[in-house]
Each structure stands twice: as C-alpha cells, then as structure tokens.
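A look at the structure
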Amino acid sequence: MPLDRSIKIAPSILAADFANFGAECRAIEAQGADWVHVDVMDGHFVPNLTFGPAMCAALRPHIAGVMDVHLMIAPVDPCIDAFATAGADVITAHLEAGPHIHRTLQAIRSTGKKAGLALNPGTGLDAVPQLLDLVDLVCVMTVNPGFGGQSFIASQVAKVRALRAMIGDRPIHIEIDGGVTVATAPLVAAAGADVLVAGSAVFKGGSVGNPAPYGANIAAIRVAAEAARG
Ligand code: DX5
Ligand code: ZN
C-alpha cells in the first residue's frame, strides 16, 4: 500500500491544559486532528521537563488515532521498550541524542513500532542516507527543541526540500515540528512535508469547554498547507 502523503495535522499536547490531558486529546481528535504529538523532555537533552511513559500509557485510551511520541531525551535506548509498552505508534529519537542512532532506530523497529528520526535545526542531512532503510518518518525541527511557542526557523525549508528529494518513493513521512502556523505551513508543505506538528497554533483561543477554535485552527492550517501543494 502506498504511503499516505496527504497533509496530517498533529497537535502537540505541550500546548494543552496540563491538568486535563485526556479530555484535551479527545477534544482535538473530535476537532479534526489526524495524529496526537506527545513531547517527552528530560531536562538534560533539552532544557525542559515534561512527562514519561506512564503519562503516555494513561493517555493511550483517550487517543483513537496515531500516538506520535517525540523523545527529546538522552540516552534513548533504555526507555524505548517502556514507550512501546505505553502504546506509542511512532517513536521518534534525535540524531543528536547519542553516538548510536542506527542502533536506536533498530531497537525502535524491533518493538514493532514505527521509527522516527528527528534532526535539530543545526544538523544537516549527511547521515540520513545511511538511515533511510530504518526509518518510517524523518522529523525536521523548525525550532530548537525544548519549548512551544517559538518562531519558525526559515532556513529549514531548504533542508525539507533536499530531504524530500533524498527520500524519493520510499514510504517515509516528513514531519515538521516547531513554529507551524497558517503562515509557515505552506512553506513546508510545498517543500514536501506531510505531517505538521502544531502546538500553540492549534490550541490558541480554545479549551476543553470551548473546543471549536481547535477545529477552526486545525482546518485553517490544513487548508493553507494543501493549497501550497497545488
Ligand atoms: C518543541 C516541541 C514541539 C512544540 C511545538 O520542542 O517538539 O512539538 O511543542 O510547539 P509550537 O507549535 O508551539 O512551536
Ligand atoms: Zn515535538
């Protein structure tokens, strides 16, 4: 079956109400989210702390679709089984998180989960051809990881375009993470991305009690991205 290259919007629950994660996940899916993006931070690889596998396991019953787990942790390998058991569908690790990304991707694949490779804005594509047989997704960070609400780094658009050419017809998603808005989504969609993570731009103006803005925000990003693809 060919890869689904349609635009998929993946709200990051980093921008959700931390006292209400289950309801927030249900709300964004009801409002049109395709995937739910879960940002795991360790206060070491990135300068912020969020949550771990127990939170992912608790969220799993509240997410009907894809649970997309972005690991901003180092080391990665000792935690892979815990996130797989917690019900992640995609487990993404950073190239920069250690010296053995090839082994890490093998370990993720061995759990039966989809393997993602994330690249910081300062990282080039040099290592990617050697890893393409092991990945189901490449995540191009368009901010430096650690916090929501940062500005999109425009220099990454050329990297997305080069990555798209490198991937060819392999069944690999290109995900964009950081600063995705109605204004920036068209740039990366035109360059070849298909999964757009968005935190602030999805959750702004809404709440569990008033989820309609989530739907409007998701639809606006999707329409802008699809229009840019032509
Ligand atoms: C940043 C995270 C992102 C972040 C995106 O380290 O990986 O997923 O939450 O948030 P926005 O869309 O607000 O830039
Ligand atoms: Zn993320």
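Remember, it's a predicted structure, so these values are computed and weren't measured experimentally.

Two faces, one strand: in a regular strand the side chains alternate between the faces of the sheet. Neither face of strand E8 (residues 195-198) is left uncovered, since the one carrying Val-195 and Val-197 and the one carrying Leu-196 and Ala-198 both have all their residues buried. Here four bridges tie strand E1 (residues 8-11) to E8, and the two strands are oriented parallel to one another. If you follow Lys-8 over to E8, its bridge partner there is Val-195. With respect to chirality, the unit in which strand E7 (residues 173-177) leads through helix H6 (residues 185-191) into the neighbouring parallel E8 is right-handed.

Relative to the 26 Å expected for 18 residues at 1.5 Å per residue, helix H8 (residues 212-229) spans 26 Å between its end C-alpha atoms, a close match to the ideal helical length. For H8, every residue scored as buried is listed here: Pro-213, Tyr-214, Gly-215, Asn-217, Ile-218, Ile-221, Arg-222, Ala-224 and Ala-225. In this structure, the buried residues of H8 make contact with E1, helix H1 (21-30), H6, E8 and helix H7 (200-203). Count one or two residues on from H8 and you reach Gly-230, which has phi positive near 75°.

Surrounding the zinc ion (ligand 2) are the protein donor atoms His-37 (NE2), Asp-39 (OD), His-70 (ND1) and Asp-177 (OD), at 2.0 to 2.3 Å. Here the donor residues of the zinc ion (ligand 2) are spaced in sequence according to H-x1-D-x30-H-x106-D. Taken together, the residues Asp-39 in strand E2 (residues 35-41) and His-70 in strand E3 (residues 66-72) connect sequence positions 31 residues apart. Accessibility expressed as a relative area gives 4% for Asp-39, which makes it buried.

Before going further, it helps to examine the layout of surface pockets. There is about 280 Å³ of room inside the largest pocket. Phe-147, Gly-148, Gly-149, Gly-178 and Gly-179 are, among the 25 residues lining the largest pocket, the residues nearest its centre. Secondary structure elements with two or more residues in the lining of the largest pocket: E2, E3, E8 and H7. Residues of the lining of the largest pocket, tallied by class, amount to twelve nonpolar, eleven polar and two charged.

Definitions and cut-offs
Along each chain, the written sequence defines residue order, and numbers are assigned to residues from 1. Chains and ligands are labelled sequentially in the order written, the chains with letters from A and the ligands with numbers from 1. Local features in this predicted model are restricted to residues whose pLDDT is 70 or higher, and side-chain atom pairs enter the listing and the counts only when it is 80 or higher, whereas totals over whole chains, interfaces and linings include all residues. Hydrogens are left out, water is left out, and the side-chain values use all remaining heavy atoms of the structure. Residue exposure (1.4 Å probe, protein chains only): buried if accessible area is under 20% of the type maximum, exposed if over 50%, otherwise partly exposed. Each helix is a run of H or I in the DSSP string that is no shorter than four residues. Each strand is a run of E no shorter than two, and both are numbered from the N terminus. We call two strands paired when DSSP finds no fewer than two bridges between them. By the criterion used throughout, a crossover qualifies as right-handed when its path from the first strand across the helix to the second strand runs clockwise, the strands pointing away from the viewer. Any helix carries an expected span of 1.5 Å times its number of residues minus one. Whether two residues are in contact is decided by their heavy atoms: any pair within 4.5 Å suffices. Atoms are scored as donors when they are N, O or S and lie within 2.8 Å of the metal, with 3.2 Å used for Na, K and Ca; no water is included, so coordination may look incomplete. Site definitions follow a grid-based scheme: protein atoms alone, a 1 Å grid, a 1.4 Å probe that fits but cannot get out for cavities, and for pockets an open set with protein on both sides within 12 Å along at least five of seven lines, plus lining residues having an atom within 4 Å of a point. Grid points are joined across faces, edges and corners, and a volume is the space filled by probe spheres set on the points. The nonpolar class holds Ala, Val, Leu, Ile, Met, Phe, Trp, Tyr, Cys and Pro. Asp, Glu, Lys and Arg form the charged class, and all remaining residues, Gly among them, are polar.

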